[in-house]
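Here is how the chains run, residue by residue.
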Amino acid sequence: MSLIAFIAAASLLTITPGLDTAMVLRVATSSGTRPAFMAGIGVALGCLLWGIAASLGVLFYEPLN
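Keep in mind it's a predicted model, so treat the numbers as computed, not measured.

Colleague: Before we go on, may I ask you to explain the overall build of the protein chain in this structure?
Modeller: A tally of regular secondary structure across the protein chain gives 3 helices and 0 strands. In the protein chain, the succession of α and β elements from N to C terminus is α-α-α. The C-alpha atoms of the protein chain give 17 Å as radius of gyration, which overshoots the globular expectation for 65 residues (11 Å, by more than 25%). Each principal axis of the C-alpha distribution contributes one length, and for the protein chain these read about 55 × 35 × 10 Å. Considering the protein chain as a whole, with its 65 residues, one finds that 6% of them fall into the buried category. As displayed, the protein chain has an accessible area near 5700 Å², and 75% of this comes from carbon and sulfur atoms.

Definitions and cut-offs
Residues numbered from 1 in each chain as written. Predicted model: local features only at pLDDT ≥ 70, side-chain atom pairs only at ≥ 80, totals over all residues. Heavy atoms only, no water. Helix = DSSP H or I, 4+ residues; strand = E, 2+ residues; numbered from the N terminus. Rg over C-alpha atoms; globule rule 2.2 N^0.38 Å. Buried < 20%, exposed > 50% of the residue type's maximum accessible area, 1.4 Å probe, protein only. Areas by Shrake-Rupley, 256 points an atom, 1.4 Å probe, with all protein chains shown as cover.

Put into structure tokens, the structure is as follows:
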């Protein structure tokens, strides 16, 4: 039962737009297509770098035993 609740909550959080979406929409309405595209590229690169940093952290993690 808890797995079903987790899947429901994770699915809801996944489809909910976040701050990145709000920023790209704000730039698109105030500055136009090209700045919005660049903001989207910045968001994508930020996610990529965050993923690389997280994977390196997991790769080099050493327990304190």
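Picking up where we left off.
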